[in-house]
Protein chains: 2
Amino acid sequence: MLIAEVSDKFDLSQDTLRYYERIGLIPRVNRNKSGIRDYTEEDCRWVEFVKCMRGVGLPIEVLIEYVELFQQGDETLEVRKQLLVEQHKQLLSRMEEMKTVMERLQYKISAYEQTIGEKEKTLNRTSP
Amino acid sequence: MLIAEVSDKFDLSQDTLRYYERIGLIPRVNRNKSGIRDYTEEDCRWVEFVKCMRGVGLPIEVLIEYVELFQQGDETLEVRKQLLVEQHKQLLSRMEEMKTVMERLQYKISAYEQTIGEKEKTLNRTSP
DNA sequence: CTACTCCTTTGAGTTAACTCCAAGTCAAGC
DNA sequence: GCTTGACTTGGAGTTAACTCAAAGGAGTAG
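Residues numbered from 1 in each chain as written. Chains lettered and ligands numbered in written order. Predicted model: local features only at pLDDT ≥ 70, side-chain atom pairs only at ≥ 80, totals over all residues. Heavy atoms only, no water.

Draft legend 1. Quick look at helix α2 (residues 14-22) of chain A. Residues and elements named next belong to chain A. For α2, every residue scored as buried is listed here: Leu17, Tyr20 and Glu21. For α2, the arc enclosing every buried residue in end-on projection is 100°, short of the 170-degree limit, so these residues lie on one face. Of the exposed residues in α2, the ones pointing more than 90 degrees away from its buried face are Asp15 and Arg22. Buried residues along α2 sit against α1 (3-10) and α3 (41-55). The first or second residue beyond α2 is Gly24, which carries a positive phi of 85°. (Buried < 20%, exposed > 50% of the residue type's maximum accessible area, 1.4 Å probe, protein only. Helix = DSSP H or I, 4+ residues; strand = E, 2+ residues; numbered from the N terminus. Arc of directions from axis to C-beta. Contact = heavy atoms within 4.5 Å.)

Shown next as structure tokens:
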């Protein structure tokens, strides 16, 4: 698969794809005889994985570390698992924070509705 | 309240507090006769509000707009409410995304546990 | 062969959100 | 009166995460 197709498929610019590879956010992609990137299925899965994880804010350094560990083989299974567990935990606590903020927003919204409702009542009383 | 206290209270650097004010993320804080910021209770509530909302990723521009609308008075009640409703919606969809990512992580973690478990069995079989 | 398009690399530029710095002011302590 | 320290301002510097640009190679169309 060429970079243009991967770019379309995952809605990431070619520059971003090259950048991700450069900094080790995905493993190095093979080139064909003329030096052009040829993404395998597995490369695509990495791209998709990274896009997904970045999308919810997992730090780049963590993902880079994950790729590095992955490339070191089976000895790092446990460490990789721990890394995922830690990120899962982080996501959970961020979600909890978001939940309380959403409740706060909802409270404020209700207060606005209340206020607006009262304004309208006043208006109806004063304008015949 | 002096900037140093506000800085401590909300764990934001003085630079950040000044920056927030400069870009309109909080309304302008009054200065005393010698030009030094003197935060009122309301200023503090703004700081806390902004810190909270930024913490879950509400965009700065949106918050700036909210402050502007607020300062325009009661005519903007409805618009402000809509703005909050929209942000509430955004948070909800981000939370849904995070939830599916967390499920995915959990799935991966289980797969790791499985694999590691099998490795150990093999080890136990081969080492007396 | 020439032109064109798509890719390559290296390195520089951009944007957001701070963060730091220099020069200056003011009030308090000695 | 001088020093100290916390503050002021405007503006420059930093970092992360892209994003763009310049220079060049490979393969295809005319």
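Still to come is the rest of the account.
Draft legend 2. Region of interest: the protein's contact with DNA strand C. The local shell around DNA strand C holds 17 residues, among which Arg18, Arg31, Gly35 and Arg37 of chain A together with Asp15 of chain B are the closest. The sugar-phosphate share of atoms of DNA strand C within 4 Å of the protein amounts to 69%. A distance of 3.3 Å separates a phosphate oxygen of DNA strand C from a polar side-chain atom of Gln14 of chain A. Looking at the surface near DNA strand C, the elements that each hand over two or more residues are α1 and α2 of chain A together with α2 (14-22) of chain B. (Near = heavy atom within 4 Å. Polar contact = N/O pair within 3.5 Å; in protein donor to acceptor, adjacent residues only side chain to side chain.)

Draft legend 3. Representation of the protein's contact with DNA strand D. Every one of the 17 residues lining DNA strand D counts as a neighbour, but Asp15 of chain A together with Arg18, Arg31, Gly35 and Arg37 of chain B are closest to it. By atom count, sugar and phosphate contribute 70% of the portion of DNA strand D lying within 4 Å of the protein. With respect to DNA strand D, the side chain of Tyr20 of chain A contributes an N or O atom lying 3.1 Å from a phosphate oxygen. Between DNA strand D and the protein, one listed contact pairs a phosphate oxygen with a side-chain N or O atom of Arg18 of chain B at 2.5 Å. Counting residues per element, the surface near DNA strand D draws most heavily on α2 of chain A, at 5 residues.

Draft legend 4. How the structure looks around the relation of the copies chain A and chain B. Rotating chain A by 180° and moving it 0.0 Å along the rotation axis overlays it on chain B with an RMSD of 0.0 Å. When the rotation and shift are considered jointly, the pair of chain copies conforms to a two-fold rotation axis. For chain A, the smallest separation between a C-alpha atom and the rotation axis is recorded for Met95 of chain A, amounting to 3.3 Å. Looking at the interface residues of chain A, 100% of them are also at the interface in chain B, so both copies use one shared face. (Least-squares fit on C-alpha atoms with pLDDT ≥ 70 in both.)

Draft legend 5. The arrangement of the interface of chain A and chain B in detail. With 36 residues of chain A at the interface, the matching set in chain B holds 36 residues. When chain A packs against chain B, close to 3700 Å² is buried across both sides, 77% of that on carbon and sulfur atoms. Two residues, Arg104 of chain B and Glu48 of chain A, come together in a salt bridge whose shortest N-O distance is 2.8 Å. Run the count over chain A and chain B and you get 8 residue pairs in polar contact (both at pLDDT 80 or more). Counting residues per element, the ones that place at least two in the side of chain A that touches chain B are α3, α4 (60-71) and α5 (77-126) of chain A. Within the side of chain A that touches chain B, the residues separate by chemical class into 19 nonpolar, 5 polar and 12 charged. (Buried area = accessible area lost by both parts, 1.4 Å probe. Salt bridge = Lys/Arg side-chain N within 4 Å of Asp/Glu carboxyl O. Nonpolar A, V, L, I, M, F, W, Y, C, P; charged D, E, K, R; others polar.)

Draft legend 6. View of the packing of aromatic side chains. The final tally for this structure, using the stated rule, is 10 aromatic pairs over all chains. The structure contains a cluster of three or more aromatic residues connected by ring pairs, namely Trp46, Phe49, Tyr66 and Phe70 of chain A. Taking NZ or CZ as reference, Lys108 of chain A lies 4.9 Å from the ring centre of Phe49 of chain B, over its face. (Phe/Tyr/Trp six-rings, centres within 6.5 Å; stacked < 30°, edge-to-face > 60°. Lys NZ or Arg CZ within 6 Å of the ring centre and 35° of its normal.)

Draft legend 7. Broad picture of the side chain of Arg37 of chain A. Residue and element names in this part refer to chain A. By the secondary structure assignment, Arg37 is in the loop between α2 and α3. You can call Arg37 buried: its relative accessible area is 18%. Among the polar contacts made by the side chain of Arg37, one reaches the side chain of Glu21 at a distance of 2.8 Å. The residues contacting Arg37, other than those within four sequence positions of it, are Met1, Leu2, Ile3, Arg18, Glu21, Val29, Asn30 and Arg31.

Draft legend 8. Structural detail: the environment of Phe10 of chain A. Residues and elements named next belong to chain A. In this structure, Phe10 sits in helix α1. By relative accessible area, Phe10 is classed as buried at 12%. Measuring from C-alpha to C-alpha, the distance between Phe10 and Arg45 comes to 10 Å, with 35 residues separating the pair along the chain. Residue contacts for Phe10: discarding those within four places in its chain leaves Cys44, Val47, Glu48 and Lys51.

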